[in-house]
Amino acid sequence: RAFDLASQPGASAPLGAWDPLGLSSTQERFDKFRAAEVKHGRVAMMAILGSIFQHWNHDAIIGFGADGVLHDVPSGMAGFIDPSGSKGIGFLITCAAFLELGPWADGSAKSPGDFGDPCGLARDYAPTAEDLKTMKTKELNNGRLAMMATMGMIAAECVTGEQVTDLPAQLGF
């Protein structure tokens, strides 16, 4: 049986199954790229939420309070080039390594990006196979949007020097 890219979750209108270079021509290659897409999408969604949360609630994060070790680390991309931000970068790399080698290891996935349902949400929100495919498509599309938004936030901040999360203040709100 031939691999059908158009039948996979994530094939959405108006582009459908968009693979102009034919990189996902076999099931094995598709699985590899889909697992990477799901992971990157989830990380990008967390990055967007984290950038907004840490900007508006900087002191609420453990270690960032008035007496915390990370108190002097600036928000946004400036935190990556600040010497005191290296502690946070080291922490992020350690967490990512733990997840990549442990619970998010590709070998433990039932299908690309499917590492189980620890909260039982699929049982409640996607009881049928078609509902599950719809939920996976929504996650993929939200992840794709978050990846583009993250790249846009980083590019805008690097070009303008202004934090994207400061936009309401820059507009006078």
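Preceding block: the structure.
Residues numbered from 1 in each chain as written. Predicted model: local features only at pLDDT ≥ 70, side-chain atom pairs only at ≥ 80, totals over all residues. Heavy atoms only, no water.

K.L.:
Tell me about the overall build of the protein chain, and please be specific about residues and values.
P.N.:
Check the secondary structure of the protein chain and you find 6 helices and 0 strands. Helices and strands appear in the protein chain in the N-to-C order α-α-α-α-α-α. Counting the 173 residues in the protein chain, one finds 21% classified as buried. As displayed, the protein chain has an accessible area near 11,800 Å², and 67% of this comes from carbon and sulfur atoms. (Helix = DSSP H or I, 4+ residues; strand = E, 2+ residues; numbered from the N terminus. Buried < 20%, exposed > 50% of the residue type's maximum accessible area, 1.4 Å probe, protein only. Areas by Shrake-Rupley, 256 points an atom, 1.4 Å probe, with all protein chains shown as cover.)

K.L.:
For unusual backbone geometry, give the residues involved together with the corresponding values.
P.N.:
For the bond running from Ala13 to Pro14, omega is 5°, close enough to zero to count as cis. Along the polypeptide, Pro14 turns up in the segment before helix 1 (27-56).

K.L.:
Before we move on, can you summarise the packing of aromatic side chains with the specific residues and values?
P.N.:
One pass over the structure, following the stated rule, counts 1 aromatic pair. Taken together, a centroid distance of 5.2 Å and an interplanar angle of 45° make the contact between Phe3 and Phe30 tilted. Pair noted here: Phe3 is in the segment before helix 1 and Phe30 is in helix 1, with a separation of 27 residues, a long-range link. In this structure Phe3 comes out as partly exposed when scored by relative accessible area, which is 21%. Directly above the aromatic system of Phe33 lies the positively charged group of Lys32, at a separation of 5.6 Å from the ring centroid. (Phe/Tyr/Trp six-rings, centres within 6.5 Å; stacked < 30°, edge-to-face > 60°. Lys NZ or Arg CZ within 6 Å of the ring centre and 35° of its normal.)

K.L.:
Any chance you could break down helix 5 (residues 129-160) for me, citing the residues and the numbers?
P.N.:
The terminal C-alpha atoms of helix 5, which comprises 32 residues, lie 46 Å apart, in line with the 46 Å expected from a rise of 1.5 Å per residue. For helix 5, the set of buried residues is Thr137, Leu140, Gly143, Ala146, Thr150, Met153 and Glu157. Trailing helix 5 by a residue or two, Gly161 shows a phi angle of about 80°, which is positive. (Expected span 1.5 Å × (residues − 1).)

K.L.:
Could you give me a rundown of the environment of Pro9, with the residues and numbers involved?
P.N.:
Position of Pro9 relative to the elements: it lies in the segment before helix 1. Beyond its immediate sequence surroundings of up to four residues, Pro9 is in contact with Arg34, Lys133, Lys136, Thr137 and Leu140. (Contact = heavy atoms within 4.5 Å.)

Read these as spatial facts, not as claims about activity.
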